[in-house]
Amino acid sequence: MLTDRQLKILRYIVELHVATAEPGGSRHLVKRYKLDLSPATIRNTMSDLEDMGYLAQPHTSAGRIPTDEGYRVYVANLDAAAPLAEDRLKLKNLEDEYLSKCSEIRGVLANAVKILSEISQLTGIAISPTGSERPIRKVQLVGIDSQRILMVVVNASGLVSNHMLEVDSTAPQGVLNRLSDIINDNFSQKALSKLLSEELLVLREIESRYRQSIRSLMGTLEDQLMQAATDERLYLEGVTHILEQPEFRNYESARLVLERFGSDTGLTKLLHENVGEGTRVSIGLDDKLEGLQDFALITSRYSGNNCQGAIGILGPRRMEYARVMALVSWMSRRISELLSKDMG
């Protein structure tokens with residue numbers, strides 16, 4: 001357990017390092033924060049914090065910088081806060097410009113990460129909602145030729161997807177329209193599993209001579225609808241902001257950043273592993289995705305309309321945690337509100 005003085009010195013060193021990207025020394029702390037402590041007392045406290053693993057000294061003659069554990073203690077002692085007044089104004093203006101005009105979740109998420117990136121000058125990241133129990137809002141089947149049917153799916157969160165079904169033989173467009181109507185009339189806004197377990201109800205409504213073709217189609221349809229319900233999409237905005245940070249200005253660091261950020265699979269997995277209740281902070285990500293030891297990820301879950309996903313900000317460990325956490329928390333609540341509406 002750290003003393004009040006140790007926590008205060010740790011906080012000042014973190015905030016100084018975030019602001020300047022330089023190590024913090026005792027005289028610099030006294031001058032900047034008008035501390036009623038002698039430089040010698042501050043040096044002793046910094047030495048104790050270093051021994052405990054919360055600070056590190058990059059060079060013998062330099063001051064100290066926070067370690068990952070130091071950042072974690074700093075974050076753990078932050079009070080929950082609303083976005084800064086300046087950020088609230090930007091959020092309001094950008095929401096009016098982007099989010100309020102979106103009619104589907106795809107547009108909401110694309111614009112949400114853009115807003116987070118623009119305000120934070122870091123990288124906005126999100127994944128689309130998933131869940132096999134998420135309702136399908138509308139299905140439309142369109143015959144392309146004798147062995148291909150285009151299936152257009154609008155899921156409950158407003159995401160539109162197209163799927164080409166390969167079948168042995170199709171049915172006339174009128175029958176496909178009838179099948180689309182049956183699905184939409186009986187299963188719209190219901191869990192996908194409900195449709196897949198009610199094949200007989202569907203077949204009863206189809207002319208007997210087309211039932212075998214439709215039965216075969218239903219098997220293909222089941223596979224495609226399950227994929228449509230669980231498909232994920234990664235949204236990423238503002239990678240170049242990372243390259244503007246002092247930590248990543250040399251060629252090798254920049255190359256590693258671009259290499260890691262080029263992996264949708266790795267980043268999607270990273271987002272999944274770092275989301276939970278409330279706003280979560282993960283500092284030093286190298287154990288989760290190689291090459292990200294100098295990064296931190298702030299995430300929050302959004303949910304509504306029987307589905308959920310995650311949104312966050314990815315940036316250097318040296319970031320304004322209180323500010324970024326407030327931005328991510330605000331955006332996840334706003335997306336949840338929009339998802340809960342009838343977004344189509």
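A short tour of the structure in this document, coming up. (Residues numbered from 1 in each chain as written. Predicted model: local features only at pLDDT ≥ 70, side-chain atom pairs only at ≥ 80, totals over all residues. Heavy atoms only, no water.)

1. Details of the overall build of the chain
This is how it is decided: Segments assigned H or I by DSSP are reported as helices when at least four residues long, segments assigned E as strands when at least two residues long, and all are numbered from the N terminus. Pairs of residues are marked as contacts when any of their non-hydrogen atoms sit within 4.5 Å. Surface accessibility in these figures is a Shrake-Rupley result with a 1.4 Å probe; residues are shielded only by whichever protein chains are displayed.
Each helix and strand in the chain was counted, giving 14 helices and ten strands. For the chain, long-range pairs separated by at least 24 residues make up 61% of all intrachain contacts whose partners lie at least 6 apart in sequence. Accessible area of the chain: about 16,500 Å², with a carbon and sulfur share of 46%.

2. With respect to the environment of L165
For the record, the criterion: Burial status follows relative accessibility: with a 1.4 Å probe on protein chains alone, a residue under 20% of its type maximum counts as buried, one over 50% as exposed, and anything between as partly exposed.
Along the chain, the position of L165 falls in strand 6 (residues 160-166). Among the residues examined, L165 registers a relative accessible area of 0% and is labelled buried. Counting along the chain gives 52 residues from L165 to L217, while the straight-line C-alpha distance between them is 8.2 Å.

3. Regarding the sheet that holds strand 5 (residues 148-155)
Inclusion rule: Here a strand pair is declared whenever DSSP counts at least two bridges between the two strands. The convention used is that axes are lines fitted to C-alpha atoms, helices contributing only their stretch in contact, and that angles between N-to-C directions extend from 0 to 180 degrees.
Across the sheet, which stays open at both edges, the three strands sit in the order 4-5-6 with antiparallel pairing between neighbours. One side of each edge strand has no neighbouring strand; the edge strands of this open sheet are strand 4 (136-145) and strand 6. For this sheet, the mean angle separating the axes of adjacent strands, direction not counted, is 20 degrees. Where strand 4 and strand 5 come together, eight bridges link them in antiparallel fashion. From the neighbouring strand, V142 faces strand 5, where its bridge partner is L150.

4. Some remarks on the pairing of strand 5
Here strand 4 folds back onto strand 5 in antiparallel fashion, the turn holding two residues. Judged from the seven bridges that link them, strand 5 and strand 6 form a sheet pairing that is antiparallel. The partner of L150 across the bridge, within strand 6, is M164.

5. Observations regarding the nonpolar core
We count it as follows: We define a nonpolar core as any set of buried Ala, Val, Leu, Ile, Met, Phe, Trp, Tyr and Cys residues linked to one another through side-chain atoms lying within 4.5 Å.
I9, L10, L29, I311, Y321, M331 and I335 are the most contacted members of the largest nonpolar core, which has 52 residues in total. Contributing elements (two or more residues each) for this core: helix 1 (4-20), helix 3 (39-51), helix 4 (68-76), helix 5 (85-97), helix 6 (105-120), strand 9 (295-304), strand 10 (307-316) and helix 14 (321-340). Ignoring sequence-local partners within four residues, the contact set of L29 consists of I9, Y12, I13, L16, K34, L35, I42 and M46. In this structure, V139, V153, L179 and I214 belong to the second largest nonpolar core, which totals 16 residues.

6. Observations concerning the side chain of D68
Where we set the bar: Side-chain atoms alone can form a polar contact between residues adjacent in sequence; in general such a contact is a pair of N or O atoms within 3.5 Å, and within protein one must be able to donate a hydrogen while the other accepts it.
The residue D68 is located in helix 4 in this model. Within the structure, D68 has its side chain in polar contact with the side chain of R317 (distance 2.7 Å).

7. Section: helix 7 (residues 173-187)
Selection criterion: Multiplying 1.5 Å by the helix residue count minus one yields the expected span of that helix.
The terminal C-alpha atoms of helix 7 lie 21 Å apart, and with 15 residues this matches the ideal 21 Å at 1.5 Å per residue to within 8%. When helix 7 is considered as a whole, its buried residues turn out to be V175, L176, L179, S180, I182, I183, N184 and F187.

8. Digging into the pattern of salt bridges
Rules: Put simply, a salt bridge is a Lys or Arg side-chain nitrogen that is within 4 Å of an Asp or Glu carboxyl oxygen.
Tallied over the entire structure, the rule returns 13 salt bridges. Between E69 and R72 there is a salt bridge; the shortest N-O distance is 3.3 Å. In this pair, E69 and R72 are both assigned in helix 4, three residues apart and thus about one turn of the helix distant. Note on E69: relative accessible area 38%, which makes it partly exposed. A relative accessible area of 35% places R72 in the partly exposed class. Of the charged contacts in the structure, one is a salt bridge between R323 and E320, with a shortest N-O distance of 3.4 Å.

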